[in-house]
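Structural features, examined
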Amino acid sequence: MSDGGYSSESTALLLIDPYNDFLSEGGKLWPVVKETAEGVGLLDHMRQVLGATRRRGIRTIVVPHHRTEPQDYTTWRHLSPTQRNVVRSQTFARGSWGGEFHPDFTPVEGELVAREHWGSSGFAHTDLDLLLTQHGISHIALMGMRANTCVDTTARYGQELGYHVTLIRDAIASFSWDELHATFEVNAPAYAHAILSTGEFLAELPAAAGATSAPAG
């Protein structure tokens, strides 16, 4: 359960790694993402959440993984298994279509893009915490990719920094159902303040700007 505090002044939507390589047909990782993405209705739910938060003036911050270049990591001492895979496949390659944001999740004027993260955490070695702090954000809601890596690690780090953390579970996908189970049934209940469906999250948002209440019957 959340505390119902998703005000436009204090809430930010963190859009994690919305690259074509993850989210688009023809992307390098789409074949392994497709089953869970289609199973949870990922893209439609992401569109619903983003549209709703934009209408309410809730700030969007894109939290992108490092765009890969051919010489990346060649002098690194301790590459993670994920980084080794990125080197091999040149996932999210800078200058490539796969390294561009999915067209439905490209930031619009006034939305922010944090510095690219090299590992799984959107906070480590980036300016994400600075951007949130300077805009008075206390509540972060996360959606995007990948559940058990960048989403889970960013959410954990955010909780450690003192943010109220919400995971929008059907606006997040991964490479397997086991990974989703590990994130939402094993890991997140120990740190997340709320794990909500898209419908549950939208129901807790304030009224959209310009909305009027229906007259009493």
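To be clear, the structure that these remarks concern was listed above.
Cut-offs used in this document
- Residues numbered from 1 in each chain as written.
- Predicted model: local features only at pLDDT ≥ 70, side-chain atom pairs only at ≥ 80, totals over all residues.
- Heavy atoms only, no water.
- Core = buried A, V, L, I, M, F, W, Y, C linked by side-chain atoms within 4.5 Å.
- Buried < 20%, exposed > 50% of the residue type's maximum accessible area, 1.4 Å probe, protein only.
- Helix = DSSP H or I, 4+ residues; strand = E, 2+ residues; numbered from the N terminus.
- Contact = heavy atoms within 4.5 Å.
- Arc of directions from axis to C-beta.
- Salt bridge = Lys/Arg side-chain N within 4 Å of Asp/Glu carboxyl O.

1. Side note on the nonpolar core
Generally speaking, a soluble globular protein has its nonpolar side chains buried in company with each other. Core analysis: the biggest nonpolar cluster contains 59 residues, and Leu14, Ile61, Leu132, Ile140, Leu142, Met143 and Leu167 have the highest contact counts within it. Ranked by residues supplied to this core, first place goes to helix α3 (residues 42-55) with six residues. With near-sequence residues (within four places) excluded, Leu142 lies in contact with Leu14, Ile16, Val151, Thr154, Ala155, Val165, Thr166, Leu167, Ile168 and Ile172.

2. Thoughts on helix α2 (residues 30-40)
Those residues of α2 that fall on the buried side of the exposure criterion are Trp30, Val33, Thr36, Ala37 and Val40. Here the buried residues of α2 occupy an arc of 140 degrees about the axis, which is enough to place them on one side. Along α2, the residues that are exposed and aim more than 90 degrees away from the buried face are Pro31, Glu35 and Gly39. Its buried side turned inward, α2 meets α1 (20-23), α3, β5 (164-172) and α7 (177-187). At the C-terminal side of α2, Gly41 shows a positive phi close to 70 degrees.

3. Concerning the pattern of salt bridges
Throughout the structure, instances matching the rule amount to 10 salt bridges. The partner of Asp44 in a salt bridge is Arg47, with the nearest N and O atoms 2.8 Å apart. One end of the pair is Asp44 and the other is Arg47, both in helix α3 and three residues apart, which spans about a single turn. The class for Asp44 is partly exposed, based on a relative accessible area of 48%. In this structure, Arg94 engages Glu116 in a salt bridge whose closest nitrogen and oxygen atoms are separated by 3.1 Å. Of this pair, Arg94 sits in the loop between α4 (81-89) and β3 (112-113) while Glu116 sits in the loop between β3 and α5 (128-134); the two residues are 22 residues apart in sequence, bridging distant segments of the chain. When its relative accessible area of 39% is taken as the criterion, Arg94 is described as partly exposed. Salt bridges here are not isolated pairs; linked through shared partners, they connect Arg67, Glu69, Arg94 and Glu116.

4. Observations concerning unusual backbone geometry
With an omega of -10 degrees, the peptide bond running from Met145 to Arg146 counts as cis. In this structure, Arg146 sits in the loop between β4 (139-144) and α6 (147-160). Phi is positive for Asp17, which is not a glycine, with a value near 50 degrees. With respect to the secondary-structure elements, Asp17 resides in the loop between β1 (11-16) and α1. For Gln90, which is not a glycine, the phi torsion comes out positive at approximately 50 degrees. Relative to the helices and strands, Gln90 resides in the loop between α4 and β3.

Just geometry here; none of it tells us what the structure is for.
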